[in-house]
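The residues making up each chain are set out below.
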Amino acid sequence: MAGPLTGYRVLDMSRVLAGPWAGQLLADLGADVIKVERPKVGDDTRHWGPPYLKDTAGNDTEDAAYFFSANRGKRSLTVDITQPEGQDIIRKLAAKVDVLIENYKVGGLAKYGLDYSSLEKVNPKLVYCSITGFGQTGPYAQRPGYDFLIQGMAGLMSVTGEPDSQNGGSPTKVGVAVTDIFTGLYAANAIQGALLERHHSGMGQYIDLALLDVQAAVMANQASNYLIGGQIPGRLGNAHPNIVPYQAFATADSHIIITVGNDQQFMRFCQVIEQPQWVDDQRYATNTARVNNRVTLCGQITKYLKQQTSQYWLSKFEDHAVPCGPINTIDQVFNDPQIQSRKMILTMQDTRAGELKLVANPINYSRSQIEYDLAPPQLGNQTIEILQEYLEYTESTLQSLKSKDII
């Protein structure tokens with residue numbers, strides 16, 4: 001079967017990561033996604049290198065590897081929206097699509113007549129999703145927002161990194177722009193919810209998404225620890241605030257991760273490291289007791305685990321159904337037999353590089369298909385195609401627009 005969003009049309013006017021991530025997910029699900037970019041410049045991430053995509057001769061192309069992570073399945077349309085003719089193109093396209101995604105600053109598109117209140121007049125069924133750092137309202141609405149900034153402001157960095165008591169302990173950002181990614185996922189969900197609602201109401205609607213709101217929402221149990229338990233969580237390095245032992249431990253040659261989630265798993269864990277008496281020790285018998293005696297227990301665990309190699313312990317723990325795992329580098333991840341078995345490496349064709357490897361979509365439907373028809377586009381490559389297909393522009397009109405640098 002085709003993708004579940006086949007037949008839907010999306011105008012992706014966003015750039016960098018949060019919006020493009022949402023657009024890519026909708027494209028994977030079958031939507032026709034048009035990526036609107038600035039002529040001659042394009043999405044900022046096309047220039048966020050090195051590394052850059054290399055052509056078949058080994059030379060760098062103009063597109064950074066970063067761009068390829070969030071723009072699969074789209075067609076690129078270059079339009080100068082600062083010009084009246086460019087604004088007219090967007091308005092005409094907005095009248096023919098189901099969804100518009102944008103991440104301009106608050107009010108940024110209103111001056112061009114491309115905000116929701118303007119475009120809903122030409123398409124009352126339009127689902128219009130705005131993504132900003134702080135939302136359309138509130139005292140911070142006019143501030144620019146970036147993932148790193150939001151990770152700090154929304155509490156993520158206050159619980160990420162080693163404690164101040166440890167050497168070098170300091171607040172640390174996550175190594176991937178997770179706030180942007182989470183926002184993209186929320187956006188895609190919100191858009192699909194609005195499309196479902198449209199079946200009943202016949203009307204589109206406006207979606208206001210803020211990175212700050214999203215990151216506050218995904219603080220999850222850490223937020224509940226404060227809101228319900230009155231505890232202000234701090235940095236625990238690789239440890240878990242509510243479960244012990246649940247962290248990385250040093251071994252004789254590296255580190256492994258132990259994730260003991262219940263008392264039965266703890267019992268098996270104790271058998272493996274030959275400390276069965278811990279199961280009946282009142283300091284460790286329950287998870288609550290283990291959390292309260294975290295320092296003592298984890299210190300003892302480290303002492304025993306350092307006596308053998310990581311591979312030794314991983315094999316032993318796996319044999320006894322104790323959740324554990326290695327800390328892989330990215331190359332090890334994509335060489336892992338489980339990742340390969342799950343077909344998480346996608347190979348596509350690029351006219352410059354030939355073979356192009358990307359991370360696949362992790363969704364697996366029983367009937368519907370994830371669609372991989374289009375590799376991330378070269379800047380403006382489908383501009384003519386889109387304007388002829390959607391707006392039926394003639395060759396003379398297209399030549400006039402090109403001569404004025406509108407497209």
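Residues numbered from 1 in each chain as written. Predicted model: local features only at pLDDT ≥ 70, side-chain atom pairs only at ≥ 80, totals over all residues. Heavy atoms only, no water.

**Student:** How should the side chain of Thr132 be read in this particular structure?
**Tutor:** By the secondary structure assignment, Thr132 is in strand S7 (residues 127-132). Here the side chain of Thr132 touches Gly135 through a polar contact of 2.9 Å, landing on its backbone nitrogen. The contact partners of Thr132, leaving out residues within four places of it in the chain, are Tyr104, Val106, Leu209, Ala210 and Leu211. (Helix = DSSP H or I, 4+ residues; strand = E, 2+ residues; numbered from the N terminus. Polar contact = N/O pair within 3.5 Å; in protein donor to acceptor, adjacent residues only side chain to side chain. Contact = heavy atoms within 4.5 Å.)

**Student:** Explain the packing of aromatic side chains to me, please; I cannot follow it from the model alone.
**Tutor:** The description of an aromatic ring pair rests on the distance of the ring centres and on the angle between the ring planes. Tallying each qualifying case throughout the model produces 12 aromatic pairs. On the numbers, 5.2 Å between centres and 85° between planes, the contact of Trp48 with Tyr66 is edge-to-face. Residue Trp48 is located in the loop between strand S2 (32-37) and strand S3 (52-54), and its partner Tyr66 is located in helix H2 (residues 65-68); the two are separated by 18 residues in the primary sequence. Residue class for Trp48 comes out partly exposed when judged on its relative accessible area of 39%. Each ring, one from Tyr128 and one from Tyr206, has its centre 5.7 Å from the other, and the planes form 35°; the classification is tilted. A residue pair is termed long-range when its members are at least 10 positions apart, and Tyr128 in strand S7 and Tyr206 in strand S8 (residues 205-210) qualify at 78 residues. The partly exposed category is assigned to Tyr206, whose relative accessible area is 31%. Pairwise contacts between aromatic rings join Phe266, Phe269, Tyr312, Trp313 and Phe317 into one cluster. One cation-aromatic arrangement involves Arg15 over Tyr104; the distance from NZ or CZ to the ring centre is 4.6 Å. The cationic tip of Arg143 hangs over the ring face of Tyr140; the distance from NZ or CZ to the ring centre is 3.8 Å. (Phe/Tyr/Trp six-rings, centres within 6.5 Å; stacked < 30°, edge-to-face > 60°. Buried < 20%, exposed > 50% of the residue type's maximum accessible area, 1.4 Å probe, protein only. Lys NZ or Arg CZ within 6 Å of the ring centre and 35° of its normal.)

**Student:** Explanation requested: a nonpolar patch on the surface in the structure shown.
**Tutor:** A surface patch of nonpolar side chains, amounting to about 400 Å² of accessible area, comprises Tyr140, Tyr146, Leu149 and Met153. Relative to the assigned elements, Met153 resides in helix H5 (residues 147-153). (Patch = residues over 30% accessible without salt bridge, like charges linked within 9 Å, V, L, I, M, F, W, Y side chains within 5 Å. Areas by Shrake-Rupley, 256 points an atom, 1.4 Å probe, with all protein chains shown as cover. Salt bridge = Lys/Arg side-chain N within 4 Å of Asp/Glu carboxyl O.)

**Student:** I would appreciate a short explanation of the layout of surface pockets in the present structure.
**Tutor:** To locate leftover empty space, one rolls a probe as large as a water molecule over the atoms. Of the volumes computed, that of the largest pocket is approximately 1000 Å³. Lining the largest pocket we find 28 residues, and of these Trp21, Ser69, Phe334, Val359 and Ala360 sit closest to its centre. Contributing elements (two or more residues each) for the lining of the largest pocket: helix H1 (18-28), H2, helix H6 (178-201), helix H13 (330-335) and strand S13 (354-359). Looking at which element gives the most residues to the lining of the largest pocket, the answer is H1, with 4 residues. A class-by-class count of the residues in the lining of the largest pocket yields 21 nonpolar, 4 polar and 3 charged. (1 Å grid on protein atoms, 1.4 Å probe; cavity = no way out; pocket = protein on both sides within 12 Å on 5 of 7 lines; lining within 4 Å. Points joined across faces, edges and corners; volume = space filled by probe spheres on them. Nonpolar A, V, L, I, M, F, W, Y, C, P; charged D, E, K, R; others polar.)

**Student:** Where do I start with the pattern of salt bridges in this structure?
**Tutor:** Think of it this way: side chains of opposite charge can pair up when their charged atoms draw near. Taken as a whole and judged by the stated rule, the model has 19 salt bridges. Salt-bridge contacts for Asp88 lead to Lys92; the nearest nitrogen and oxygen are separated by 3.1 Å. In this pair, Asp88 and Lys92 are both assigned in helix H3 (residues 84-94), 4 residues apart and thus about one turn of the helix distant. Judged by relative accessible area, which is 29%, Asp88 ranks as partly exposed. On the basis of relative accessible area, Lys92 is assigned to the partly exposed category, the value being 36%. One salt-bridge network, in which partners are shared between bridges, spans Glu37, Arg46, Asp63, Asp350 and Arg352.

**Student:** Got a minute to help me understand the state of the cysteines in this structure?
**Tutor:** One covalent bond between the sulfur atoms of two cysteine residues makes up a disulfide. Using the criterion set out here, one finds 0 disulfides in the structure. There is no disulfide at Cys270, and the cysteine sulfur nearest it, in Cys298, is 12 Å away. Given the relative accessible area of 0%, Cys270 is considered buried. (Disulfide = S-S within 2.5 Å.)

**Student:** Mind showing me how you'd approach the sheet that holds strand S5 (residues 74-78) here?
**Tutor:** Pairing between sheet strands relies on hydrogen bonds along the backbone, with the strands arranged either parallel or antiparallel. Across the sheet, which stays open at both edges, the 6 strands sit in the order S5-S2-S1-S6-S7-S8 with parallel pairing between neighbours. Two strands lie at the open edges of the sheet, namely S5 and S8, each paired on one side alone. Averaged over all pairs of adjacent strands, the angle between strand axes in this sheet comes to 20°, irrespective of strand direction. (Pairing = 2+ DSSP bridges. Axes fitted to C-alpha atoms, helices over the stretch in contact; angles between N-to-C directions.)

**Student:** What is the right way to look at the packing of helix H15 (residues 383-391) against helix H16 (residues 395-403) in this model?
**Tutor:** Helix packing geometry: the angle between the two helix axes and the distance between the axes. Two elements in contact, H15 and H16, have axes separated by 11 Å at closest approach and are oriented at 135°. Classed by the angle they form, the pair H15 and H16 counts as oblique. Here H15 runs over H16; the crossing is right-handed. Where H15 abuts H16, its residues Ile384, Leu387 and Gln388 lie against Glu395, Leu398 and Lys402. Its residues assigned to classes, the contact of H15 with H16 shows 3 nonpolar, 1 polar and 2 charged. (Parallel < 35°, antiparallel > 145°, perpendicular 65-115°, else oblique. Left-handed = near helix turned anticlockwise from the far one by under 90°.)

**Student:** Mind showing me how you'd approach the sheet that holds strand S10 (residues 255-259) here?
**Tutor:** Read from one edge to the other, the open sheet built from 3 strands follows the order S9-S10-S11, with strand pairing classed as antiparallel. The open sheet has two edge strands, strand S9 (246-250) and strand S11 (324-326), and neither has a second partner. Direction aside, neighbouring strands of the sheet carry axes that sit 25° apart on average. Summarising the sheet, S10 and S11 pair through 3 bridges and their orientation is antiparallel. Considered in S11, the bridge of Ile258 is made with Cys324. Running over the sheet, helix H12 (residues 310-319) touches S10 and S11 and is turned about 20° from S10.

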